[in-house]
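What follows is the residue order along each chain.
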Amino acid sequence: MYLKGLLIFYIMSNILLNIIIVTVIFIPMAYFMFSGNKEKSAVKHLKDKLKAFDIMPDIVNCFQGAGIALDKSKSTLYFYQYEGEILTKTAISEINKADVSKLYQTESVHDHDISVLKSVSILLKMKDKSEVSLPVFSILKHPNVGADLMEAVRWSEMINKLVNK
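Fair warning: this is a prediction, and the values are worked out from it, not measured in the lab.

A short note on the side chain of Asp148
Tracing the chain through its elements places Asp148 in helix 2 (residues 148–163). Non-local contacts of Asp148, meaning those with residues more than four positions away in its chain, are made with Phe63, Gln64, Val136 and Phe137.

Spelled out as structure tokens, the structure:
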């Protein structure tokens, strides 16, 4: 009787272990497979919106509430905000420097102060000393930052490389 119980426990633990392994492997894999399709769809949507303005960019990237594009032949940067359908067009030759602007707010949770990222923008400092803010992320519109902060940093670096050529 003892061996029968031990055998049942062994079989059940193997089944449970196999379920855990399958879950740990396949759920992230499915997430990345389906999120890639979502990204392709967002890029296509942005390109369609820019095509309406006769813009055919070389490099395109999407944020949660906006998209950014670069036309290398025209040396022009485009930023399209989905809400309000606002298109910002900036010649690379007019830009002095690009930075990423992050706004944090300190909040108290269970007697601990934590800094919460509230917004991210790409800040274009122009040669005429003006500044153009391209809003990449706002916690008021999206619950989490996702990859928007990293993409904003990547784009500011790319813009700075183009400016310094």
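Some remarks on the sheet that holds strand 4 (residues 86–91)
Within the open sheet, the four strands sit side by side as 1-2-3-4. Their pairing is antiparallel. One side of each edge strand has no neighbouring strand; the edge strands of this open sheet are strand 1 (59–62) and strand 4. Recorded for the sheet is a direction-independent mean angle of 15 degrees between the axes of neighbouring strands. Most of the contacts of helix 2 go to strand 1, to which it runs at about 155 degrees, and overall it touches strand 1, strand 2 (66–71) and strand 3 (76–81).

Some remarks on the pairing of strand 1
Within a regular beta strand, the side chains point alternately toward one face of the sheet and then the other, so they alternate between its two faces. Summarising the sheet, strand 1 and strand 2 pair through four bridges and their orientation is antiparallel. In the strand pairing of strand 2, Asn61 is matched with Ile68. Linking strand 1 to strand 2, which pair antiparallel, is a turn of three residues.

Focus: the environment of Leu123
By secondary structure assignment, the location of Leu123 is in strand 6 (residues 112–126). Note: C-alpha distance between Leu123 and Ser133 (ten residues apart in sequence) is 4.6 Å. With residues up to four places along the chain from it excluded, the contact list for Leu123 reads Lys97, Ala98, Asp99, Glu131, Val132 and Ser133.

Overview of the nonpolar core
Counting residues in hydrophobic clusters, the biggest one holds 22 residues, and the most contacted among them are Leu77, Ile95, Ile122, Leu124 and Trp155. Of all the secondary structure elements, the ones that give two or more residues to this core are strand 2, strand 3, strand 5 (95–109), strand 6, strand 7 (131–138) and helix 2. Setting aside residues no more than four positions away along its own chain, Trp155 makes contact with Ile59, Val60, Asn61, Phe63, Ile68, Ala69, Leu70, Leu77 and Ile122. Ranked by size, the runner-up nonpolar core spans eight residues in total, among them Leu46, Ile55, Val60 and Cys62.

With respect to the pairing of strand 5
Pairing geometry for strand 5 and strand 6, over 14 bridges, is antiparallel. By the bridge assignment, Asp99 is partnered in strand 6 with Leu123. Between strand 5 and the antiparallel strand that follows it, strand 6, lie two residues; His110 among them carries a positive phi value of about 50 degrees.

Describing the pattern of salt bridges
The full count for this structure, using the stated rule, is seven salt bridges. Lys125 is the partner of Asp99 in a salt bridge, and the nearest nitrogen-oxygen pair spans 3.2 Å. In this pair, Asp99 sits in strand 5 while Lys125 sits in strand 6, placing the two residues 26 residues apart along the sequence. Residue class for Lys125 comes out partly exposed when judged on its relative accessible area of 29%. Linking Lys118 and Glu107 is a salt bridge whose minimum nitrogen-to-oxygen distance equals 2.9 Å. Here Glu107 lies in strand 5 and Lys118 lies in strand 6, a separation of eleven residues in the sequence. Owing to a relative accessible area of 29%, Glu107 belongs among the partly exposed residues under this scheme. Connected through salt bridges with shared partners, the residues Lys97, Asp99 and Lys125 form a single ionic network.

Some points on helix 2
Because an α-helix packs 3.6 residues into every turn, residues spaced three or four apart end up facing the same way. Given a rise of 1.5 Å per residue, 16 residues ought to cover 22 Å, and the 22 Å separating the end C-alpha atoms of helix 2 matches this to within 8%. Along helix 2, the positions that sit buried rather than exposed are Asp148, Ala152, Trp155, Ser156, Met158, Ile159, Asn160 and Val163. Of the surrounding elements, those touching the buried residues of helix 2 are strand 1, strand 2, strand 3, strand 5, strand 6 and strand 7.

Reading guide: rules and limits
- Residues numbered from 1 in each chain as written.
- Predicted model: local features only at pLDDT ≥ 70, side-chain atom pairs only at ≥ 80, totals over all residues.
- Heavy atoms only, no water.
- Helix = DSSP H or I, 4+ residues; strand = E, 2+ residues; numbered from the N terminus.
- Contact = heavy atoms within 4.5 Å.
- Pairing = 2+ DSSP bridges.
- Axes fitted to C-alpha atoms, helices over the stretch in contact; angles between N-to-C directions.
- Core = buried A, V, L, I, M, F, W, Y, C linked by side-chain atoms within 4.5 Å.
- Buried < 20%, exposed > 50% of the residue type's maximum accessible area, 1.4 Å probe, protein only.
- Salt bridge = Lys/Arg side-chain N within 4 Å of Asp/Glu carboxyl O.
- Expected span 1.5 Å × (residues − 1).

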